[in-house]
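Listed here are the chains, written in short residue letters.
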There are 2 protein chains.
Amino acid sequence: MSQNLTQQLTHTLGEAIVKGEYPIGKGMPSEAVLCVQYEISRSATREAVKMLSAKGLISSRPKQGITVNPESQWNLFDTDVLGWILKSKPSLHLLKEFTQVRFGIEPLAAKLAAQNATPEQINHIEDALHRIAQSQAGLEDELDAHINFLNMILVASGNRFFIQLTQFVNAALRVSIRYTNNVKGVSNTDVTFHLKVFEAIKQGDANTAQTLVSDVLIDALALIESRL
Amino acid sequence: MSQNLTQQLTHTLGEAIVKGEYPIGKGMPSEAVLCVQYEISRSATREAVKMLSAKGLISSRPKQGITVNPESQWNLFDTDVLGWILKSKPSLHLLKEFTQVRFGIEPLAAKLAAQNATPEQINHIEDALHRIAQSQAGLEDELDAHINFLNMILVASGNRFFIQLTQFVNAALRVSIRYTNNVKGVSNTDVTFHLKVFEAIKQGDANTAQTLVSDVLIDALALIESRL
DNA sequence: TACTTAACAATTATATGATAAATCATAATT
DNA sequence: AATTATGATTTATCATATAATTGTTAAGTA
C-alpha cells in the first residue's frame, strides 16, 4: 500500500485540505507538528509540503507557517487535486461544472480532429470504435472503451492542451459514472453514434463531428440539471 | 532575486526541461550530481525535484534515477509550467493552440455569466469596463484592463474550472501580445464591443454574449493563422 | 536451454541534528 | 508617535548517516 511516505502524506493531507479540515487562510499545523502527528521525519514532511505547494493547495513561509491557499489558487486541472476533490466531496454541482468544461472542449476537439487527424490517428480512433463494439458484447469494460474513444479524439485534435486534458477527463469520468449510474452520462451508448462520429472525422466533416459530440453533451447536461 | 534556493532550482530545472535540454525518457542527472552542479544541499535539491514531479515534469525512482516525463504528462495548466514553456520556446503554433482553448472556454463562460452572474459580479464587470475606457485615455495599462475584464467574466460564469483558468489565460495573454503586436490579438479593442458584451451579460442575453466573444476569437485565430 | 533464485550495486527515500534566515510581535529608544 | 532594536518562532538549508527499492548480474535448477 504505502509506496513511500512522502506520497502517502501528500495524499492524506491533500484530501484533508480539499475536505476542508483545515481552515483557509491560516490553518495548517507546523512542520514539527505534522512530523509527530504522522510519525515521519521532517524531510519527508517537507517534501510532501513542497508537493502540495506545487499544486497550489498551500504555501509555507517562515514564521507564518503553512497556510491553506484559497480554492481559486488550487490547480483543479491537476489529476491528483481533482481526484481528491472527487473522492472527498463529490457532488452533482461539481459534475455539472465538469461537464460544462467538456462541453467547451470536446466538440471543438472533434472538429479539430476532423480537420487535422493523421491517418495513424484515424486508425487509432477506429480501433477504439471496435473496442466499444466488443465492450457491448461484454468482452471488455464498457466505460474503459468509451473513455478510450474519447481520448483518441482529443489526441487527434493535435492541440497539446486538449491532449493534456485526457487525463483530466478520464479521472472525472470514472467518478461521474457513479452519479448518473449509466454510461449515457459519459457518452452516448449507441454504437452507431460513435460510428457516425468516426465517419465524420475520417471524412473531414468538421461540422458534423462537432455537432454530434455537442449534442451528446447537451443531453448529459440536461440529465444532470434534472437531478440537481 | 533568489528568494529561496528550492524555488530557484525548481524554476531553473523547469525551464531547462521544457527547453529540451534533458532528453525525454531518461535524461536527468542524479540528485548527487545536481547537488554539486548547483552547489546546494541535497534536501533543497530533493524538494525541487518533488515540486517538479508534482507538476508532472519528472519522476524519480531508486536505481532508475530522475527521468523526464513525456510532454503528455506535463501539467500544461500549471502556470509555472506554462510560463516556462512560453519563456523558453514561444511560438505561433503554441499561441494558436492556446487560442483554441480560449475559443472553447470563453464564449461558453460569457454565456454562463449571462445566465448566472450575481448583481455583485455584474458590478465587477462594469468596473472592468470603466477601466478599459480609462486605459484608452492612457490612464492605465491597456492590456491589464482587458485581461481584468476577461477575468471578471470567467469568474461570473460560476464554474470553478473556468475561474481556475483565469490565471492560465492571464499568463498566456501577456506573452501572446508580444506576437500579435496589438491588443486585437487579445480582445477587440473597441470599447463599444466590451460595452455590448457587458450589456448582454447584464440583460441575461446568453446567446448574444456567447456570439460576441466567439466572433472576436475567430478573428484572433484567423490573424494567427495568417502569420503561421 | 529456459526459468527461477540469490547476491550485488546504484540511486532514491528517510532519518536526524544542527545552523541560518526570514518574519512577526514586542519592547526600547529617540 | 514613530522608529529602531530585540527576541521568539518557524521555515529554509545544510551535512551526514542509514534504509528501502529496483535494475543487473550471476548462479543454480529443472
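Shown above is the structure to which this text applies.
The following paragraphs examine the structure supplied in this document. Source: prediction; values computed, not measured.

All names here are of chain A. Under the 1.5 Å per step criterion, the end-to-end length of helix 9 (residues 191–202) is 16 Å for twelve residues, consistent within 8% with the ideal 16 Å. Every buried residue of helix 9 is listed here: Phe193, His194, Val197, Phe198, Ala200 and Ile201. In an axial view of helix 9, the angular spread of the buried residues amounts to 165°, which keeps them on one side of the axis. The secondary structure elements touched by the buried residues of helix 9 are helix 5 (92–116), helix 6 (119–136), helix 7 (142–156) and helix 10 (206–227). In the segment just after helix 9, Gly204 is the residue with positive phi, at about 75°.

Now for the relation of the copies chain B and chain A. If you rotate chain B by 180° and push it 0.1 Å along the axis, it lands on chain A with an RMSD of 0.1 Å. Seen this way, the second copy is the image of the first under a two-fold rotation axis. A symmetric contact is evident, with 97% of the interface residues of chain B recurring at the interface of chain A.

As a matter of local geometry, DNA strand C sits amid 23 residues, with A:Leu5, A:Thr6, A:Ser41, A:Ser43 and B:Arg46 nearest to it. Here, DNA strand C places atoms within 4 Å of the protein, and 71% of those atoms are sugar or phosphate. Here A:Leu5 contributes a backbone N or O atom positioned 2.3 Å from a phosphate oxygen of DNA strand C. A distance of 3.2 Å separates a phosphate oxygen of DNA strand C from a polar backbone atom of B:Glu31. Broken down by secondary-structure element, the contributors of at least two residues to the surface near DNA strand C are helix 1 (5–18) and helix 3 (42–54) of chain A together with helix 3 (42–54), strand 1 (58–61) and strand 2 (65–68) of chain B. For the surface near DNA strand C, a count of residues per class yields six nonpolar, eight polar and nine charged.

Moving on, we come to the side chain of A:Glu106. All names here are of chain A. Position of Glu106 among the secondary structure elements: in helix 5. The buried category is assigned to Glu106, whose relative accessible area is 4%. In this structure, Glu106 is in contact with Leu150, Val169, Val213 and Leu217, ignoring residues within four places of it in sequence.

What follows covers the side chain of A:Asn75. Along the chain, the position of A:Asn75 falls in the loop between strand 2 (65–68) and helix 4 (79–88). The exposure class of A:Asn75 is buried, given its relative accessible area of 4%. Setting aside anything within four residues of it in sequence, one finds A:Asn75 in contact with A:Lys55, A:Val81, B:Asn75, B:Phe77, B:Asp78 and B:Gln164.

All right, on to the protein's contact with DNA strand D then. A:Arg46, B:Leu5, B:Thr6, B:Ser41 and B:Ser43 are the nearest of the 23 residues found near DNA strand D. Near-protein atoms of DNA strand D (within 4 Å) split between backbone and bases, with sugar and phosphate holding 72%. Its residues assigned to classes, the surface near DNA strand D shows six nonpolar, eight polar and nine charged.

Accessible area lost upon the coming together of the parts serves often as the stated size of an interface. Counting from both sides, the interface comprises 37 residues of chain B and, opposite them, 36 residues of chain A. Buried surface at the junction of chain B and chain A, both sides included, amounts to about 3600 Å², of which 59% is carbon and sulfur. The largest per-residue losses of area from chain B upon contact with chain A belong to B:Phe77, B:Arg160 and B:Phe161, which jointly make up 22% of the total buried on that side. The tally of links from chain B across to chain A stands at six salt bridges. A salt bridge links B:Arg160 to A:Glu97, with the nearest nitrogen and oxygen atoms 2.9 Å apart. If you look at where chain B meets chain A, you find 16 residue pairs in polar contact (both at pLDDT 80 or more). Elements supplying a minimum of two residues to the side of chain B that touches chain A: helix 1 (5–18), helix 3, helix 5 (92–116) and helix 8 (160–180) of chain B.

Residue and element names in this part refer to chain B. Across its 15 residues, helix 7 (residues 142–156) extends 22 Å between first and last C-alpha, which sits within 8% of the 21 Å expected from 1.5 Å per residue. Taking burial as the measure, the 15 residues of helix 7 include twelve buried ones, the bulk of the element. Among the residues making up helix 7, those that are buried are Leu143, Ala145, His146, Ile147, Asn148, Phe149, Leu150, Asn151, Met152, Ile153, Leu154 and Ala156. Capping of helix 7 at its N-terminal end is provided by Asp141; its side-chain oxygen lies 3.3 Å from the backbone amide nitrogen of Leu143. Remark: Gly158 follows helix 7 within two positions and exhibits a positive phi of approximately 75°.

Conventions used here
- Residues numbered from 1 in each chain as written.
- Chains lettered and ligands numbered in written order.
- Predicted model: local features only at pLDDT ≥ 70, side-chain atom pairs only at ≥ 80, totals over all residues.
- Heavy atoms only, no water.
- Helix = DSSP H or I, 4+ residues; strand = E, 2+ residues; numbered from the N terminus.
- Expected span 1.5 Å × (residues − 1).
- Buried < 20%, exposed > 50% of the residue type's maximum accessible area, 1.4 Å probe, protein only.
- Arc of directions from axis to C-beta.
- Contact = heavy atoms within 4.5 Å.
- Least-squares fit on C-alpha atoms with pLDDT ≥ 70 in both.
- Near = heavy atom within 4 Å.
- Polar contact = N/O pair within 3.5 Å; in protein donor to acceptor, adjacent residues only side chain to side chain.
- Nonpolar A, V, L, I, M, F, W, Y, C, P; charged D, E, K, R; others polar.
- Buried area = accessible area lost by both parts, 1.4 Å probe.
- Salt bridge = Lys/Arg side-chain N within 4 Å of Asp/Glu carboxyl O.

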